[in-house]
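As a plain string of letters, each chain reads:
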Amino acid sequence: MNKLVIFASGTGTNTERIIEYFKDDPEVEITAVLSNKSTAPVLKKAERNAIEAISFDRNAFYKRDEVFDLLKNYDPDLIVLAGFLWLMPERIVSHFAGKMINLHPALLPKYGGKGMYGQHVHRAVIANNEEESGITFHYVNEAFDEGEIIKQVKMDVNAGDTPEDVADKIKSLEHAYFPKVINDLLKDNYGKE
Ligand code: GRF
């Protein structure tokens, strides 16, 4: 059994796609969805699918070891950050080195780092007249968006595109690729088609 734990802060459209993708896969179990926001819609989505849904506060995450202990207990094969906006504590990063991935809605190393999330990214892409953007899957280290890149997928930014247009195109790419990248990593067939 491959065990997956998801961290998310918000709506959870990617988490929903991931849940859907693995629903009938006997080899993969989504053990839990964890969020720093108790009201995050993503938690309701997990509950509706009978997946453990847990929220935590800053103290439980950074000062005490509650979340770390939970994770060690779950013993996941892969931890996925799907729109999780807090920086991972160092001890969690080092304990799960090579087992934690993030999805960023731009072509890193461009448009990454603290504060670069959601519309902030797409506005900057348009302001700089970029002709392409895309998504980056990368391992998580102690800095925002700086871990080793696993895969990037590019798309065109057309003249006249607004940040919202770019956001829509990025979302579609994310939904199409995220579950597949997770599947490949879990089943160790990354890059083999
Ligand atoms: C995604 O756009 C992803 O790139 C970023 O956070 C967003 C989460 O979106 N890391 P959703 O909550 O899955 O809709």
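Residues numbered from 1 in each chain as written. Predicted model: local features only at pLDDT ≥ 70, side-chain atom pairs only at ≥ 80, totals over all residues. Heavy atoms only, no water.

Draft legend 1. How the structure looks around the overall build of the chain. The number of helices and strands found in the chain is seven helices and seven strands. Ordered by position from the N terminus, the helices and strands of the chain form the series β-α-β-α-β-α-α-β-α-β-α-β-β-α. For the chain, whose C-alpha radius of gyration is 16 Å, the value lies close to the compact-globule estimate of 16 Å for 193 residues. Reported as C-alpha extents along the three principal axes, the dimensions of the chain are approximately 50 × 40 × 30 Å. (Helix = DSSP H or I, 4+ residues; strand = E, 2+ residues; numbered from the N terminus. Rg over C-alpha atoms; globule rule 2.2 N^0.38 Å.)

Draft legend 2. Representation of the packing of aromatic side chains in the model. A full pass over the atoms with the stated rule returns 12 aromatic pairs. With centroids separated by 5.8 Å and ring planes inclined at 40°, the aromatic side chains of Phe61 and Trp86 adopt a geometry described as tilted. One end of the pair, Phe61, is in helix α3 (residues 58–63); the other, Trp86, is in the loop between β4 (78–81) and α5 (90–95), with 25 residues separating them in the sequence. Each residue in the set Phe7, Phe56, Phe61, Tyr62, Phe84 and Trp86 is aromatic and connected to the rest through ring pairs, giving one cluster. (Phe/Tyr/Trp six-rings, centres within 6.5 Å; stacked < 30°, edge-to-face > 60°.)

Draft legend 3. Main features of the pattern of salt bridges. Counted under the stated rule, the structure contains 11 salt bridges. The partner of Glu66 in a salt bridge is Arg64, and the shortest N-O contact between them spans 2.5 Å. Taking relative accessible area as the criterion, Glu66 reaches 42% and is therefore assigned partly exposed. Taking the relative accessible area as the measure of exposure, Arg64 reaches 39% and is therefore partly exposed. Across the salt bridge formed by Asp184 and Lys180, the nearest N and O atoms sit 3.2 Å from each other. Here Asp184 pairs with Lys180, and both are found in helix α7 (residues 163–186), just four residues apart, close to one helical turn. (Salt bridge = Lys/Arg side-chain N within 4 Å of Asp/Glu carboxyl O. Buried < 20%, exposed > 50% of the residue type's maximum accessible area, 1.4 Å probe, protein only.)

Draft legend 4. Structural view of the environment of Gln119. Within the element layout of this structure, Gln119 appears in helix α6 (residues 118–127). Under the relative-accessibility criterion, Gln119 is labelled partly exposed at 26%. It is 6.8 Å that separates the C-alpha atoms of Gln119 and Pro163, two residues lying 44 residues apart in sequence. Excluding its chain neighbours within four sequence positions, the residues that come into contact with Gln119 are Pro163, Glu164 and Ala167. (Contact = heavy atoms within 4.5 Å.)

Draft legend 5. Geometry of the site of the ligand. Around the ligand, a shell composed of Thr11, Gly12, Thr13, Asn14, Gly83, Leu103, Pro105, Lys171 and Glu174 is seen. A distance of 3.5 Å separates a nitrogen atom of the ligand from a polar backbone atom of Gly83. When isolated, the ligand has an accessible area of 370 Å², and the protein chains bury 84% of it. At the level of secondary structure, the elements contributing two or more residues to the shell around the ligand comprise α1 (13–22) and α7. Across the shell around the ligand, the residue classes tally to two nonpolar, five polar and two charged. (Near = heavy atom within 4 Å. Polar contact = N/O pair within 3.5 Å; in protein donor to acceptor, adjacent residues only side chain to side chain. Areas by Shrake-Rupley, 256 points an atom, 1.4 Å probe, with all protein chains shown as cover. Nonpolar A, V, L, I, M, F, W, Y, C, P; charged D, E, K, R; others polar.)

Draft legend 6. Here's a closer look at the sheet that holds strand β3 (residues 52–55). Reading across the sheet, the seven strands line up as β3-β2-β1-β4-β5-β6-β7 and stay open at both edges, with mixed pairing between neighbours. Each of the sheet's edge strands pairs with one partner strand only, and the pair in question is β3 and β7 (149–156). Adjacent strand axes in the sheet meet at a mean angle of 20°, parallel and antiparallel pairs treated alike. Here strand β1 (residues 2–7) runs beside strand β2 (residues 28–35); their pairing, made up of six bridges, is parallel. Note that in β2 the partner of Lys3 across the bridge is Glu29. (Pairing = 2+ DSSP bridges. Axes fitted to C-alpha atoms, helices over the stretch in contact; angles between N-to-C directions.)

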